[in-house]
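# Fold and geometry: a report
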Amino acid sequence: MTPAPQRILGIDTSLRSTGFGVIEVSGSRMRAVEYGTLANPRTRPLSECLRHLYEGMEDIVARSSPIEAVLEGAFFHRNARTAMVLGQARGTVIAACAAAALPVYEYAPRRVKMALVGFGAADKDQVGAMVQRILGLAPGLQEDAADALAMAICHAHVRAGHAALMPAPI
């Protein structure tokens, strides 16, 4: 008997263009349910950008009913202001998922690239091409959405084959 399909939400957080991708996993099969970006124009104040991210995540979670969410692990940035703004955006996205009682997991970018391409230093084009191949998507996938789908695929692989290696939710 095939297990019931489960949905995973991948999120590539940024203030101006947060990528999201929901995949449905049934056994070894995966399909894209929904993907895109939550965009904020440069003229929008920070507080309004964060509100837009929160409400956008609420809508995506309500529409797609994922069982888990996956984010790229925090990284260090040379510019303190950029790092702080990214931290605020990540916190907003995590809070929206937590408000929906959705467990959130993190993976380092190298681990995601290894899971999809087999090479931890793969470039974005290689990752995007593999996402398209795995999910049967047409070329031209937006980069932030491709990164979000890649995180969801990585998490699905870890859950299926290496559950003991699955990180604890954040």
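Below or above, wherever it landed, is the structure these notes cover.

What counts and what doesn't
Residues numbered from 1 in each chain as written. Predicted model: local features only at pLDDT ≥ 70, side-chain atom pairs only at ≥ 80, totals over all residues. Heavy atoms only, no water. Salt bridge = Lys/Arg side-chain N within 4 Å of Asp/Glu carboxyl O. Helix = DSSP H or I, 4+ residues; strand = E, 2+ residues; numbered from the N terminus. Buried < 20%, exposed > 50% of the residue type's maximum accessible area, 1.4 Å probe, protein only. Pairing = 2+ DSSP bridges.

## Brief notes about the pattern of salt bridges
Pairing of side chains with opposite charge becomes possible as their charged atoms draw close. On inspection of all chains with the given rule, the structure shows eight salt bridges. Across the pair Glu-24 and Arg-7 runs a salt bridge, and its minimum N-O distance is 2.9 Å. Separated by 17 residues along the polypeptide, Glu-24 in strand β2 (residues 17–26) and Arg-7 in strand β1 (residues 6–12) bring together distant segments of the chain. In this structure, the salt-bridge partner of Arg-51 is Glu-55, at a minimum N-O distance of 2.8 Å. Separated by four residues within a single helix, Arg-51 and Glu-55 lie in helix α1 (residues 46–64), roughly one turn from each other. Among the ionic contacts, a cluster of salt bridges with common partners joins Arg-7, Glu-24 and Arg-31.

## Notes on the pairing of β1
Among the seven residues that make up β1, five are buried, leaving the element largely enclosed by the rest of the structure. Relative to β2, β1 runs antiparallel, the two sharing seven bridges. Residue pairing across strands places Gly-10 opposite Gly-21, the latter belonging to β2. Counting the residues between successive antiparallel strands, the hairpin from β1 to β2 contains four residues. Across four bridges, β1 lies against strand β4 (residues 68–72) in parallel orientation. Paired with Ile-11 across the two strands is Leu-71, which belongs to β4.

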